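# Coordinates in review
If you want the building blocks of each chain, they are given just below.
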Amino acid sequence: MARAVRDAVEAKEHLAVQAGTGTGKSLAYLIPAIRHAADSDGAVVVSTATIALQRQLVDRDLPRLADALEGLLPHRPEFAILKGRRNYLCRHKMAAGMPDDEDDQLFDPREVSATGRMVQRIQEWASETETGDRDELVPGVNDQAWRQFSVHAKECLGAQRCPSGMECFAELARERAGQADVVVTNHALLAIDAMEDFPVLPEHDVVVVDEAHELVDRVTSVVTDELSEGTVGVAVRRVGRLIEQGLADRLQEAGEDLAALLAAAPPGRVDDLPQSLALTLALVRDAAFACITALGPRNKDKDDPENAGLRKATFTALDEVHDTAQRMLDAFGADSEADRAEVVWLDEGRGRIPPTLRVAPLSVGGMLRDKLFGDRTVVLTSATLALGGSFDGMARQWGLTGDWTGIDVGSPFDHPRSGILYVAKHLPQPGRDGLPEAYLTEITELIEAAGGRTLGLFSSMRAAKAATEALRERLDVPLLCQGDDSTSQLVKQFSADPATCLFGTLSLWQGVDVPGESLTLVVIDRIPFPRPDDPLASARQRHVAATGGNGFMSVAATHAALLLAQGAGRLLRSMDDRGVVAVLDPRLVTARYGGFLLNSLPPFWRTTDPGKVREALRRLTADA
Ligand code: SF4
């Protein structure tokens, strides 16, 4: 892999590398990356999807490499971590220089809420932190508390004008990144750097995208916009302090009309724009525009330093409301549905979150091709990239065309000897109405044979909870369910006691790394196809079909293959690990698409015989 990365960088050709767990893939890209940085006197950017990998690179791999390579290079390799501005404490906002949209709720004297306590903790931490980096605040805090002390890039005053600019945490992080050979960042900032007109990352001609299977989802999130009672409300509260009340009231009324429409509308994809929604979106847009106009010239802040923070934040909130309403109206502008490039959908409200209208592109491939892959060499790597044995599916989503190569450097594990893939072919197909009794019996028997030691990966939180509730009565091993505590705490408990089982959904499919005997059995209840009502996946599927492709295989099966491979990848985490991946959904071996999914999984020894698998689990448990 190190040679392939070096060759790709030298030839300026994009490279996709599938490298299994335990390969040492981070060293295999960091070494050629550091060499390129030293040769070119520039920086190489390494992007990750998770904080865990960021930490591993910055706390473990890069310091060790810097020590090892120091004498071999003209200078000791330097590295830095850089995130989006929202991830750092904003000193200016801390000094109460900017609007606080949620103050009233937080400091309600009747209730010192959990969020209020988090706010206090941030304030204490602020006096001692050297980086202001949110991820260094342990335990973490929720978004609502963090928002009180951080700003979006568009709300920042700019270091030149900001009274705290000289000691700004985000600016200091940028400065450090500017001097580094390797800059570690996340996919979101990588996307923002590629797409915005102003650069946020230091100049670079090579990017390594680790955890590349997450790239499309993370980039899609960056370019998804939303409109709700809440987003309009923030703009109204801010602008109300700066302009004549009548105009702010007009925006508030338009926001209330929108809220009423969204509350009455069914959640899901919006294929045809109802006239009432079109009118209300136009009202919201025009009211926001009137407020923007009333605020006067944007550079007026210079004469009004007192209000500079509030004005900047107000412009940002109003621009967002205006531009999103316009973007949603434009999304329906094409003559035919097949020509539309954007998807609009309504998410129903949950608790304090109101119903929210969202808009996202059908595909981010073109954007990635033009903006990210255009003038850089990109190395994309993950344990799971070759779906159905081919890189084509992922390459299509990334928008990569002719100029790339893909290699699978394999895995250090001996999959056929270390693991069994068991498919419960005798079970009925999973239905819509929860877990059938036969599934619960099957899981019980498997867990009994394994003596606990089970990670249950369910396709929905409802199924995970139902299984936990039912099986707690049948099994005498401890059973944890996602949501009982923080996920990291649950994983800690699970790995500390082999008899304990852990059930959960999406974040466990990808985020659990438990080597050793505590994880001997991975149970997967059903093939994780996107939900039929998933607005983006269903729109993408329909679009592929309308343009002559196989929508189901390109979208739903590809999504399922990726998650299945990630889920199955939880089993073997070290060379001594042994165990079973049990997929209860018989369609994995009976359906036509089953072969594609099976080809996406590691080459475990396969069986559909429940007796054999239980026997194997009992033997493994006895040996442990
Ligand atoms: S420069 Fe921007 S982020 Fe930094 S302290 Fe000032 S307003 Fe906050």
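In this text, all values refer to a predicted model and were calculated from it rather than measured experimentally. (Residues numbered from 1 in each chain as written. Predicted model: local features only at pLDDT ≥ 70, side-chain atom pairs only at ≥ 80, totals over all residues. Heavy atoms only, no water.)

Taken together, the neighbourhood of the ligand is formed by R85, C90, R91, H92, V151, C156, L157, C162 and C168. For the shell around the ligand, the residue count by class is 6 nonpolar, 1 polar and 2 charged. (Near = heavy atom within 4 Å. Nonpolar A, V, L, I, M, F, W, Y, C, P; charged D, E, K, R; others polar.)

Attention now moves to the pairing of strand 17 (residues 579-583). The buried fraction of strand 17 amounts to 5 of the 5 residues, a majority that puts the element mostly inside the structure. Here strand 17 shows two buried faces, one formed by G579, V581 and V583 and the other by V580 and A582. The sheet contact formed by strand 12 (residues 419-423) and strand 17 spans 5 bridges and is parallel. Looking at the pairing, G419 lines up with G579 of strand 17. Inspection of the sheet shows strand 16 (residues 521-524) paired to strand 17 by 4 bridges, in the parallel sense. Residue V523 lies in a different strand from strand 17, and its bridge partner there is A582. (Buried < 20%, exposed > 50% of the residue type's maximum accessible area, 1.4 Å probe, protein only. Helix = DSSP H or I, 4+ residues; strand = E, 2+ residues; numbered from the N terminus. Pairing = 2+ DSSP bridges.)

The 7 strands are arranged 14-15-13-16-17-12-18 in an open sheet whose pairing can be described as parallel. Here the strands that pair on one side only, and so sit at the sheet edges, are strand 14 (479-481) and strand 18 (605-607). The mean inter-strand angle of the sheet, taken between neighbouring strand axes irrespective of direction, is 15°. Alignment of strand 13 (residues 454-457) against strand 15 (residues 501-504), held across 3 bridges, turns out to be parallel. Of the residues in strand 15, the one forming a bridge with G456 is F503. Taken strand by strand, helix 18 (residues 437-450) contacts strand 12, strand 13, strand 15, strand 16 and strand 17, and its axis lies near 175° from that of strand 16. (Axes fitted to C-alpha atoms, helices over the stretch in contact; angles between N-to-C directions. Contact = heavy atoms within 4.5 Å.)

Moving on, we come to the packing of aromatic side chains. Enumeration according to the criterion identifies 5 aromatic pairs in this entry. Among the aromatic side chains, those forming a connected cluster through ring pairs are F529, F552 and Y593. (Phe/Tyr/Trp six-rings, centres within 6.5 Å; stacked < 30°, edge-to-face > 60°.)

Pairing between the strands of a sheet comes from backbone hydrogen bonds, and it takes one of two forms, parallel or antiparallel. Taken together, 7 strands build an open sheet; the order of strands is 3-4-2-5-10-1-11 and the sheet is parallel. This sheet does not close on itself; its edge strands, each paired only once, are strand 3 (79-81) and strand 11 (404-410). Averaged over all neighbouring strand pairs, the angle between strand axes comes to 20°, with direction disregarded. Pairing of strand 2 (residues 43-48) with strand 5 (residues 204-209), which is carried by 5 bridges, proceeds in the parallel orientation.

At a minimum axis separation of 9 Å, helix 13 (residues 275-295) and helix 14 (residues 308-331) run at an interaxial angle of 150°. What the angle tells us is that helix 13 and helix 14 run roughly antiparallel. Crossing handedness for the pair helix 13 and helix 14: left-handed. Contacts from A278, L281, A282, V284, R285, A288, F289, C291, I292 and L295 in helix 13 reach R311, T314, F315, L318, D319, V321, H322, A325, Q326, M328 and L329 in helix 14. (Parallel < 35°, antiparallel > 145°, perpendicular 65-115°, else oblique. Left-handed = near helix turned anticlockwise from the far one by under 90°.)

Turning our eyes to something else, we now look at the pairing of strand 13. Burial of strand 13 is two-sided: the residues T454 and G456 facing one way and the residues L455 and L457 facing the other way are all buried. In this sheet, strand 16 lies alongside strand 13 in parallel orientation, the contact comprising 4 bridges. In the strand pairing of strand 16, L457 is matched with I524.

Turning next to the confidence of the model for the protein. Residue-level pLDDT values for the protein average 91, and 96% of them are 70 or greater. Segment residues 103-111: pLDDT under 50, and 10 contacts once partners within four positions in sequence are set aside and those in other chains are kept. (pLDDT = per-residue confidence, 0-100.)

Counting across every chain of the model gives 33 salt bridges. One salt bridge in this structure joins E226 and R358, with 3.0 Å as the shortest N-O distance. Of this pair, E226 sits in strand 6 (residues 225-228) while R358 sits in strand 9 (residues 356-361); the two residues are 132 residues apart in sequence, bridging distant segments of the chain. E226 gets classed as partly exposed once you look at its relative accessible area, which sits at 35%. For D271, the salt bridge is made with R269, and the minimal N-O distance between the two is 2.9 Å. When salt bridges with common partners are traced through the structure, they connect D67, E70 and R76 into a single cluster. (Salt bridge = Lys/Arg side-chain N within 4 Å of Asp/Glu carboxyl O.)

Together, E229, D249, E253, E256 and D257 give the surface a local cluster of negative charge. As for its position among the elements, E253 is in helix 12 (residues 245-264). (Patch = residues over 30% accessible without salt bridge, like charges linked within 9 Å, V, L, I, M, F, W, Y side chains within 5 Å. Areas by Shrake-Rupley, 256 points an atom, 1.4 Å probe, with all protein chains shown as cover. Lys, Arg positive; Asp, Glu negative; His and termini not counted. Charge placed at Lys NZ, Arg CZ, Asp CG, Glu CD.)

Omega for the peptide link from V138 to P139 comes to -5°, which places this bond in the cis form. Structurally, P139 can be placed in the loop between helix 6 (114-126) and helix 7 (143-147). At D41, a position not held by glycine, the phi torsion is positive, near 60°. Tracing the sequence through the fold places D41 in the loop between helix 2 (25-40) and strand 2. For E211, which is not glycine, the phi dihedral falls at a positive 50°. Along the chain, E211 falls in the loop between strand 5 and helix 10 (215-222).

This brings us to the packing of helix 22 (residues 535-546) against helix 23 (residues 551-568). Geometry of a packed helix pair, given as the angle between the helix axes and the separation of the axes. Running from N to C, helix 22 and helix 23 cross one another at 155°; their axes reach a closest spacing of 7 Å. By the angle between their directions, the pair helix 22 and helix 23 is classed as roughly antiparallel. As for the relative orientation of helix 22 and helix 23, their crossing is right-handed in sense. From helix 22, A537, R540, Q541, V544 and A545 reach across to helix 23, where they touch G551, F552, S554, V555 and A556.

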